[in-house]
Structure formats: structure tokens, C-alpha cells
Amino acid sequence: MRSTVVTFPSGRTSGRSRIAGVVPVGDRHGLAVAETPFHPLDHTWPDQPADRGTIAGMPVLDCVTGALSSSGEAFVGGDIPVRRGAEGWEWLVLHVTSEPLPVGAEVELAVDAGFRAGLSAGHTACHLAALALNAALADRWRKEPALDGLGRPDFDQAAITSSRIVPYGSVDVYRLGKSLRKKGFPAEGLDPAQVARRVNEQLAAWVAAGAPVAIDVPGPELTARRTWRCSLPEGEASIPCGGTHVRGTGELGRIEVSLTLEEAALTMRTTCA
Ligand SMILES: [Zn+2]
């Protein structure tokens, strides 16, 4: 089996392909095809959930990442012993079903386009919220940290511990501990409500700007190093990203965040309509 070719980066939600192989996923069957519109959960950074839909008319119960070693040994999801895209491995989108299909069978693949649309909106909103948070926290830094695509200190990259995309939203968790302080970000006196207000003002301006969103796709395979780009009034922002997105900030209507600070964790909940 060769690495799966994926069409979801361009926004596709349907396709036709042939069964390339079947990998056991528990007591279910992970069907691999040559080319798919399905976005699987990534095993290294599981931010965007798996697409829903059907393969050959059967419900896709889950969609996960598979990896095939050079000796032909197959691993699934969290059991994959190497990082996303490691050399010498074939990377598979596995459509998990209750029944297997024969290798070579031609199948129709249909993604639930409504569920995907919600995740694409939520994922774009998530990236914009991260950039707006960087801007809102920029003047707190005491050292010169790595900068984001808009030239602001990249708080998001320095502090994020998890990111979960949901339909029309996301939940991002940042750790404000000792290691962030060493990087030059003291958290004393941080007022989450005040920061959220600044983030929301920035997001409203970006939505109003109707900024176009694009994904750079350097190769057709699942683990190609794709990049999200958004042409904002301040400049072009770019973030490495394997997920799906809307085509412009104008599609999002309104993006809002709320911030909560508990122990040393700052949680940003983003919603968009
Ligand atoms: Zn992303």
C-alpha cells in the first residue's frame, strides 16, 4: 500500500477510488483507498476530529491515521511509534467500518458536508483567534520570543498544550507555568476578561475585512506539510496546518472568544456563526 492521496485540503467532500488494503482496527476494519476526500484524526496533533460519512454506502464509524512501516507492519492512531510524516513509512487514511471490502473494489466516498463545513469554520476561527490572542498579549513579553506570521510574539506556539476543533468553534488550552516564564512571559495580573475583549475587537475587524484564506499543498499525500494562509490587513499570516478551512474570513459571520484562567491553565473557547 502507498500513502493515501487526500483531496480534503481543496475542500472536496466526495470521490471515487479503489480499496488499496484493509488494516484491522480493533474488531473493525480500516479500509484504505488510493484517494479520499475524508479527513482523519491526526495521531500527533489531534486537533480536528475525523470526518463523518459513508464508503460504498456503509457508514464510516471513525476515520483514523494508519502507518505502514518499511517491513509492512501496520499501526493505527495512538499506536503509531513515529511522528507524522516520518521518512520510510506509508501514511494511510483508514475508513473504519463494521464490514470489510475486497482489495481492488471500486467505491464511492461521501463525506457529511454539513459536519465538515462546521469543522472548517471552527478551524479557521481557531487560527484567527490564536493570532488575535498573540496580538492582545504582545506587550506582556519581557524577552524577544519567536514571532508569528504577523510579527507578534507567538504566545500561541510558546504556550499551547492542546487544541480541539468542534463544529463552529474550538477549545485551546495554554500553560502559563515556569517554562513560559523562562521564555519571558510573566502571567501575574493577567485579566482574562480584558484580554478577551481585545481579542474580540481584533476578530471583528478581521471578519469585516473579508480576508481570503488559502491552503498551500506541497504534495498530494496525507502527510504533506500543508500551510494555512490568510491575507489579513496587517499582512499575510501563515500557520502549518493539516486540517480543513473556509475560503475567507467573511464566511464566518462573527467570531468570539471567552477566556478562563484556572491554576496555570488559560483556556480559550472560540465560537463562530
Ligand atoms: Zn490548523
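Every chain is numbered on its own, with residues counted from 1 as its sequence reads. The predicted nature of this model means local features are confined to residues of pLDDT at least 70 and side-chain atom pairs, given and counted, to a pLDDT of 80 or more, with totals for whole chains, interfaces and linings taken over all residues. The basis for every side-chain value is the complete set of heavy atoms in the structure, and neither hydrogens nor water enter the calculation.

1. Digging into the sheet that holds strand β15 (residues 235-240)
For two strands to pair, DSSP has to find at least two bridges joining them. What counts as a helix is a DSSP run of H or I of at least four residues, what counts as a strand is a run of E of at least two, and both are numbered from the N terminus. Judged by pairing direction, the sheet is antiparallel, and its three strands sit side by side in the order β13-β14-β15 without closing on themselves. Here the strands that pair on one side only, and so sit at the sheet edges, are β13 (213-216) and β15. If you compare each strand with its neighbour and ignore which way they point, the axes differ by 25 degrees on average. Pairing geometry for strand β14 (residues 227-232) and β15, over six bridges, is antiparallel. Within β15, the residue paired with C230 across the bridge is A237. Here, two residues are considered to be in contact whenever any of their heavy atoms come within 4.5 Å of each other. The convention used is that axes are lines fitted to C-alpha atoms, helices contributing only their stretch in contact, and that angles between N-to-C directions extend from 0 to 180 degrees. Across the sheet, helix α1 (residues 113-137) lies against β13, β14 and β15, angled at about 65 degrees from β14, the strand it touches most.

2. Points about the packing of aromatic side chains
Here the distance between the centres and the angle between the planes together describe a pair of aromatic rings. When two rings of Phe, Tyr or Trp (its six-membered ring) have centres within 6.5 Å they constitute a pair, described as stacked for plane angles under 30 degrees, edge-to-face for angles over 60, and tilted for the intermediate range. If you walk through the whole model with that rule in mind, you get five aromatic pairs. On the numbers, 5.1 Å between centres and 65 degrees between planes, the contact of W141 with F185 is edge-to-face. In this pair, W141 is assigned in the loop between α1 and α2 (155-159) and F185 in the loop between α3 (178-183) and α4 (192-208), connecting sequence segments 44 residues apart. Accessibility classification places W141 together with F185 in one group, the buried group. Among the aromatic side chains, those forming a connected cluster through ring pairs are W141, F155, Y174 and F185. In this arrangement the basic side chain of R52 is found over the ring face of F115, its NZ or CZ atom lying 3.8 Å from the centre. Think of it in three bands: with a 1.4 Å probe and only protein chains considered, a residue is buried below 20% of the maximum accessible area for its type, exposed above 50%, and partly exposed in between. A positively charged side chain is recorded as over a ring if its NZ (Lys) or CZ (Arg) lies within 6 Å of the ring centre. The angle to the ring normal must also be within 35 degrees.

3. Brief notes about α1
To estimate how far a helix should extend, the number of its residues minus one is multiplied by 1.5 Å. An ideal rise of 1.5 Å per residue puts 36 Å on 25 residues; α1 measures up with 36 Å between its terminal C-alpha atoms. Counting buried residues in α1 gives 22 out of 25 residues, a clear majority hidden from the surface.

4. Focus on α4
Between its first and last C-alpha, α4 extends 24 Å over 17 residues, near the 24 Å set by a 1.5 Å rise per residue. Of the residues making up α4, those classed as buried are P192, V195, A196, V199, N200, Q202, L203, W206 and V207. Buried positions in α4, seen along its axis, are confined to an arc of 170 degrees and lie on one side of it. Opposite its buried face, α4 presents the exposed residues R197, E201 and A208, each directed more than 90 degrees away. Check the buried side of α4 and you find it contacts α1, β14 and β16 (255-262). Any pair of nitrogen or oxygen atoms within 3.5 Å is treated as a polar contact; in protein, a donor-acceptor pairing is required on top of that, and neighbouring residues in sequence qualify only through side-chain atoms on both sides. At the N-terminal end of α4, a side-chain oxygen is found 3.1 Å from the backbone nitrogen of A193, two or three residues along, and the residue is D191. With its phi angle positive at about 55 degrees, G210 sits one or two positions after the end of α4. Here the arc refers to the set of directions running from the helix axis out to each C-beta atom.

5. Description of the domain arrangement of the protein
Looking at the protein, the domain boundaries give domain 1 (5-111) and domain 2 (114-272). A domain assignment, automatic or from a database, supplies the domain bounds used here. Here the C-alpha centre of domain 2 lies 28 Å away from the C-alpha centre of domain 1. Of the residues lining the interface, 26 residues belong to domain 1; the matching set on domain 2 comes to 22 residues. A quick way to say it: buried area is the sum, across both parts, of accessible area lost when two parts are put together, with a 1.4 Å probe. Contact with domain 2 buries area across many residues of domain 1, yet D47, Q48 and R84 alone supply 28% of it, more than any other trio. Note on definitions: salt bridges are taken to be side-chain nitrogens of Lys or Arg within 4 Å of carboxyl oxygens of Asp or Glu. Counting every contact that joins domain 1 to domain 2 gives one salt bridge. Only β1 (5-6) and β9 (90-97) provide two or more residues apiece to the side of domain 1 that touches domain 2. Examining the composition of the side of domain 1 that touches domain 2, we find that three residues originate from one element, β9, more than from any other.

6. As for the coordination of the zinc ion
A donor here means any N, O or S atom no more than 2.8 Å from the metal (3.2 Å for Na, K and Ca); water is not included, so a site may seem to lack partners. Within the protein, the zinc ion binds to H123 (NE2), H127 (NE2) and C241 (SG); these donor distances fall in the range 2.0 to 2.3 Å. Overall, H123 belongs to the buried group, its relative accessible area being 0%.

7. Here's the deal with the pattern of salt bridges
Under the defined criterion, the tally for this structure stands at eleven salt bridges. Measuring nitrogen to oxygen at the nearest pair gives 2.4 Å for the salt bridge that ties D42 to R84. Residue D42 is found in the loop between β4 (35-36) and β5 (53-55), and its partner R84 is found in the loop between β8 (74-76) and β9; the two are separated by 42 residues along the sequence. Relative accessible area serves as the criterion here: at 12%, D42 is assigned to the buried category. Between R254 and E256 there is a salt bridge; the shortest N-O distance is 2.8 Å.

8. A look at the pairing of β9
The side chains of a regular strand alternate, residue by residue, between the two faces of the sheet. The element β9 is extensively covered by neighbouring structure, given that seven of its eight residues are classed as buried. Where strand β3 (residues 28-33) lies against β9, three bridges are found, and the strand directions are antiparallel. The residue bridging L31 from the neighbouring strand is H95, located in β9. Pairing of strand β7 (residues 62-68) with β9 involves seven bridges; the strand directions are antiparallel.

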